[in-house]
Amino acid sequence: MKQIDVATTASVPNRAGEAPRLSVSNVCKAFRIRKGASQPAALLQVLKSISFEVYNNEIVSLIGESGCGKTTLLRIIQGLIHHDSGTLLVEGQPVTGPGRDRGFVFQQPSLLPWRTAQENVEFGLELQRMSATDRAARARKLLQLVGLGDAAEQFPHQLSGGMQQRVGLARALAIEPALLLMDEPFSALDAQTREVLQKELLRIQAETHKTIVFVTHDLDEALYLSDRIIVLGARPGGVKEIIEVPFGSNRPELPLLRGDPRFQALRSRIWELISNRPTL
Amino acid sequence: MALTTEVDDAARETELEELGGSKAARKPYWLVRAISIVLILALWEVVGRQVSPLFMSYPSAIARAAVQLTASGELWGAFLSSMETLTLGFLLATIAGVLLGLLIGRYRYVDAATDWLVNALYSTPLVAITPLVVLWFGLGFSAKLFIVFILAIFPVLINTASGVRNVPSQLIDVGNAFAASEREIFAKVILPASLPYMMTGIRLGIGRAIIGMVVAEFFTAINGLGALIIKYGNQFETAAMFVPILCLMLMGVVYTAIAIRFEHWVAPWRHTEDE
């Protein structure tokens, strides 16, 4: 398998000398699987020497076919799963477990159903022992940011899937993380809502200058949102290639972008990488 | 513009709910229920009058007996005495059941150490140990309290434990992702998430507590509604015997209604999801 050296791929001219927000080097992870009680346990190598870096104000997508370990990798970065070997640094600090320097947006909104939208956003702030008035003020501001200023008092079951995911985003942003991790956050939404939220994410990123690591299996989504795309191969998941997305910060909306020949070229390139097949 | 589709969806859902709600309210279910009550009572009155008053009674005779028992203060005294046992025993069972259920549900080791005992005791018809309890505690208040407690604790405990086990792992993940401590996860995620299960356990516990109370009063037979039933049963005053029975029924209905109200109040989201 072709392993591209990360050091050369990531050293974009304007990044030279800048300390990475997230640095992943040689991270490996295996799971023990047992088919039957009598059979000996087999090792399933999910991630094999993963290395890449994410810089300030970047949106970086992890993409790969299902089962390639992209979600596992994201959970390792969050500290929800321990990696077997390798180093993980967030702002130069090694990751040993979950931390509030990272915010996580789940695939399912995973809101606490007994809390209003605002109280859900306040969740992380409560754990930080912030005072009630400060919490409320911060939560209101963030709900405003994600376009839910009027829904603060609503309970999750009163909100649509897209609105719930907005609350999930506000909850992760509330703790002002150095790094925002998003695990296929729009995959459970209908196509229309997904496009709206993708656009919203770009707007919010432009306003907050967050550094985002975004897991997806949707090529268009990755190309539309990312500054760079890390393509993972499957079993064991390794970095196949890191792709620079050339559209810049003021990119047109996805339907327009789809007509860009560079978009089409990159899309078929990634498709080829993921599927291990020549371009159709 | 960004929010249009979502807002539209939300509006449509609310509207649908309201239409459904008012439609249900327009249908005269209450009328059907009222007619059913009147018919059954009338039938009972007619048939009951044909049977010897030793074996069966009928609504108007029971009503007369109720007035007498109330006037003499006998019913009220028995009712208070029963309520005392029931309330205290049930309260203790709820507190102990919730605490033990939380531990058993959260910690596998506690579960492994106790599950066989809990299952065995829950499956045993515990009223069977009443004579033993009387030997231990005598015929007084503490024997009755113990029987109510032991009968009511298991539904509370088992439901609380299963509530804790059924907390969606995604919600626990949220706690973990935000670096919450075990204690914070317990207080902010597990406890509120298992509250509806606890309430179900409490509701089921009420029924068993009332059974325990009556059985205990049958055996100890000093005071309470159970003693009243035994007394008038032995005197073949069947109409008077029905009065404490109806009283028990009323207690069960009122307690259960309160519990259901409380359930909706602590977990309004669950109520809406069920619909």
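What counts, and where the lines are drawn
Residues numbered from 1 in each chain as written. Chains lettered and ligands numbered in written order. Predicted model: local features only at pLDDT ≥ 70, side-chain atom pairs only at ≥ 80, totals over all residues. Helix = DSSP H or I, 4+ residues; strand = E, 2+ residues; numbered from the N terminus. Core = buried A, V, L, I, M, F, W, Y, C linked by C-beta atoms within 7 Å. Buried ≥ 20, exposed ≤ 12 C-beta atoms within 10 Å, placed from the backbone. Contact = placed C-beta atoms within 7 Å. Axes fitted to C-alpha atoms, helices over the stretch in contact; angles between N-to-C directions. Parallel < 35°, antiparallel > 145°, perpendicular 65-115°, else oblique. Left-handed = near helix turned anticlockwise from the far one by under 90°. Nonpolar A, V, L, I, M, F, W, Y, C, P; charged D, E, K, R; others polar. Domains from an automatic or database assignment.

Some thoughts on unusual backbone geometry
Residue and element names in this part refer to chain A.
Piece 1. In this model, Ser 110 sits at a positive phi of 50°, which is unusual for a non-glycine residue.
Piece 2. Mapped onto the elements of the fold, Ser 110 is located in the loop between β6 (102-105) and α3 (117-121).
Piece 3. Phi is positive for Arg 129, close to 60°, though the residue is something other than glycine.
Piece 4. As for its placement among the helices and strands, Arg 129 is situated in the loop between α4 (123-127) and α5 (132-145).

Thoughts on the nonpolar core
Piece 1. The biggest cluster of nonpolar side chains holds 135 residues, and the ones touching the most others in it are A:Ile77, A:Leu143, A:Ala170, A:Val213, B:Val148, B:Ala152 and B:Ala209.
Piece 2. The greatest single-element share of this core, amounting to 15 residues, is contributed by helix α7 (residues 141-165) of chain B.
Piece 3. Non-local contacts of B:Ala209, meaning those with residues more than four positions away in its chain, are made with B:Leu86, B:Gly89, B:Phe90, B:Ala93, B:Val148, B:Leu151 and B:Ala152.

Description of the packing of helix α9 (residues 182-220) of chain B against helix α10 (residues 225-234) of chain B
All names here are of chain B.
Piece 1. Running from N to C, α9 and α10 point in directions that differ by 50°, and their axes come no closer than 7 Å. Between α9 and α10, the angle falls in the class oblique. The two elements α9 and α10 cross, and the hand of that crossing is right-handed. From α9, Met 213, Val 214, Glu 217 and Phe 218 reach across to α10, where they touch Leu 225, Gly 226, Ala 227 and Ile 230.
Piece 2. By residue class, the composition of the contact of α9 with α10 is six nonpolar, one polar and one charged.

As for helix α8 (residues 169-177) of chain B
Piece 1. Within the span of α8(B), buried status applies to B:Leu171, B:Val174, B:Gly175, B:Asn176 and B:Ala177.
Piece 2. Two residues or fewer after α8(B) comes B:Ala179, characterised by a positive phi angle close to 60°.

Some details on the domain arrangement of chain A
All names here are of chain A.
Piece 1. Per the domain assignment, the segments of chain A are domain 1 (6-101 + 179-275) and domain 2 (113-176).
Piece 2. The gap between the C-alpha centroids of domain 1 and domain 2 is 26 Å.
Piece 3. On the side of domain 2, eleven residues touch domain 1, which itself brings 13 residues to the contact.
Piece 4. It is helix α7 (residues 191-208) that provides the largest number of residues to the side of domain 1 that touches domain 2, a total of seven residues.
Piece 5. Residue composition of the side of domain 1 that touches domain 2, grouped by class: eight nonpolar, two polar and three charged.

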